[in-house]
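The lines below spell out each chain.
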Amino acid sequence: MIVLGIESSCDETAAALVEDGRRILSSVVASQVSIHREYGGVVPELASREHVDNICFVVDEALREAQVGWDQLDAIAVTQGPGLVGALLVGLAYAKALAYSLGLPFLGVNHLEGHVYSVFMDYPEAETPALSLVVSGGHTNLYFLRGIGEYELLAKTRDDAAGEALDKLSKFLGLGYPGGPVIEKLAKLGDSRKVRFTMPRIKDGSLDFSFSGIKTAALRFVKENNIERIAEEGKGVITSLPPTVLDLVASYQQAIIDQLINRLEKALSKTEARSIQVSGGVSCNRALREQIASYFESKGIPVYAPQQALTTDNAAMIAAAGYLRLKTGAADPW
Ligand code: KG4
Ligand code: ZN
């Protein structure tokens, strides 16, 4: 079965054709990063307008790349939320119109469910029950995954998402948008234990995350060390940044990784999870992937993260999640 997936929840217009929930025939992503960069974050109205301009071309390109005709599609899956309302509406309206005109089943997919299933596209054998951590620009959610399609939210962030924390520090330092990839590059040049951040403790025994404390501490460090001025001078010339800035971003990234590992470890002791799965844009980060894998694999718990192209927003994961629903005979009303 071939499912056309469409994703337009934030600043990526994406379409993909996926066969039987796993085989990616094509995956096209039109990024709007260059449009939002000058604002240091996504501007919702601009995102919606870009989706309107791009959606037809992106879907056409996905069909062309896969060499699949409209008549070969079995269903249409689209992100129905969470996300920016105007942006979501573009994908939804397009997908509904297409499904209606082609007489195909229409499936509205939860964006986070797409991230969770991206792991199974590469690792269908990944053991369940599992701990599934979705770590992105909008969310930091930890689920207990009893089996495919059966999950329970164990913890979420009480303030910023991990990716948002990276994006905000990057914006503050004038290093560019999105912050995650820039900070990953710079962190390799700094000392990740030089600047000390405290691990946030949540008093009621919950496993929730919190990243606003380290963000505030980093901003204080920036002011105390007059970094703002130095970083502005070094804007765009990454290698010329002073060691203090490099140590700060390396330590900041490390503090985020340490907190994720801390919560995963606590969750592991409270559940019967047989594997750990990590997905979402921040899981593209190599240091994060390697550290989570080495920490838990040394304890005999396998760790799975999707191929890097499936970590940031894409439509292949939406098609895969839609396929799983389609198999159960589900379809959504208009
Ligand atoms: O999943 P995603 O594409 O969109 C949301 O659903 O939010 O995640 C985007 C987030 C951004 O905050 C971005 O800075 C972060 O993922 N990100 C990274 C990396 N690549 C993207 N964070 C750390 N390291 C990376 N290499
Ligand atoms: Zn996402």
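Here is a short report on the structure shown in this document. (Residues numbered from 1 in each chain as written. Chains lettered and ligands numbered in written order. Predicted model: local features only at pLDDT ≥ 70, side-chain atom pairs only at ≥ 80, totals over all residues. Heavy atoms only, no water.)

## Here we look at the coordination of the zinc ion (ligand 2)
Here is the rule we go by: With water omitted from the atoms examined, metal sites may look incomplete; donors here are N, O and S atoms no farther than 2.8 Å from the metal, or 3.2 Å in the case of Na, K and Ca. Runs of E in the DSSP output that reach at least two residues are strands. Runs of H or I that reach at least four are helices, and both are numbered from the N terminus. A 1.4 Å probe rolled over the protein chains alone gives each residue an accessible area, and that area as a share of the maximum for its type sets the label: buried under 20%, exposed over 50%, partly exposed in between.
Within the protein, H111 (NE2), H115 (NE2) and D313 (OD) serve as the donor atoms for the zinc ion (ligand 2), at 2.1 Å. The sequence motif formed by the donor residues of the zinc ion (ligand 2) is H-x3-H-x197-D. Taken together, the residues span about one helical turn, with H111 and H115 both in helix 4 (residues 111-122) at a distance of four residues. H115 carries the same exposure label as H111, and that label is buried.

## Quick look at the environment of I24
Note the threshold: Contacts between residues were defined by any pair of non-hydrogen atoms, one from each residue, lying within 4.5 Å.
Mapped onto the elements of the fold, I24 is located in strand 3 (residues 23-31). Here I24 falls in the partly exposed class, since its relative accessible area comes to 32%. Sequence spacing of I24 and A320 is 296 residues, and the spatial spacing of their C-alpha atoms is 9.2 Å. Excluding residues that lie within four positions of it along the chain, I24 makes contacts with L17, V18, M121, L310 and A316.

## Observations concerning the site of ligand 1
Just so we agree on the cut-off: Any residue with a heavy atom positioned within 4 Å of a molecule or strand is treated as near that molecule or strand. Contacts described as polar in this section are N or O atom pairs within 3.5 Å, which, within protein, must combine one atom able to donate a hydrogen with one able to accept it, while residues neighboring in sequence count only if both atoms come from side chains. Computed with the Shrake-Rupley method and a 1.4 Å probe, the accessible areas treat only the protein chains shown as cover for residues. Only Asp, Glu, Lys and Arg are considered charged, only Ala, Val, Leu, Ile, Met, Phe, Trp, Tyr, Cys and Pro nonpolar, and every remaining residue, Gly among them, polar.
What surrounds ligand 1 is a group of 20 residues, the closest being G137, D167, E184, G281 and D313. A distance of 3.3 Å separates an oxygen atom of ligand 1 from a polar atom in the backbone of G163. Out of a free accessible area of 550 Å², ligand 1 has 90% covered by protein chains. For the shell around ligand 1, the secondary-structure elements that each account for two or more residues are helix 4, helix 5 (162-173) and helix 6 (179-187). When residues of the shell around ligand 1 are assigned to their parent elements, the largest contribution, four residues, is made by helix 6. Across the shell around ligand 1, the residue classes break down as five nonpolar, twelve polar and three charged.

## Looking at the packing of helix 9 (residues 243-270) against helix 10 (residues 286-297)
Put simply, the rule is: As a rule, the C-alpha atoms of each element are fitted with a line to give its axis, helices using only the stretch in contact, and angles between N-to-C directions run from 0 to 180 degrees. Take the far helix as your reference; a near helix turned counterclockwise from it by less than a right angle gives a left-handed crossing, and one turned clockwise gives a right-handed crossing.
Interhelical geometry of helix 9 versus helix 10 gives an angle of 35 degrees and a closest axis separation of 10 Å. Pair helix 9 / helix 10 crosses with right-handed handedness. Taking contact as the criterion, the partners of Q253, Q254, I257, L260, I261, L264, E265 and L268 in helix 9 are, on helix 10, A287, L288, Q291, I292, Y295 and F296. Classifying every residue of the contact of helix 9 with helix 10 by side-chain character gives ten nonpolar, three polar and one charged.

## A closer look at the sheet that holds strand 7 (residues 140-147)
Worth spelling out the cut-off: Note: two strands are recorded as paired if DSSP finds a minimum of 2 bridges between them.
Taken in spatial order, the five strands of this open sheet run 8-7-6-9-10, and their pairing is mixed. If you trace the sheet from one side to the other, it starts and ends with strand 8 (150-156) and strand 10 (303-304), each paired once. Pairing geometry for strand 9 (residues 275-279) and strand 10, over two bridges, is parallel. In the strand pairing of strand 10, Q277 is matched with Y304.

## Quick notes on the pattern of salt bridges
As a reminder of what qualifies: Salt bridge criterion: a side-chain nitrogen from Lys or Arg within 4 Å of a carboxyl oxygen from Asp or Glu.
Within this structure, the stated rule accounts for twelve salt bridges. For the salt bridge of R23 with E19, the shortest nitrogen-to-oxygen distance reads 3.0 Å. Under the relative-accessibility criterion, R23 is labelled exposed at 52%. Each member of the salt-bridge network shares a partner with another, and the members are D160, E164, K168 and K215.

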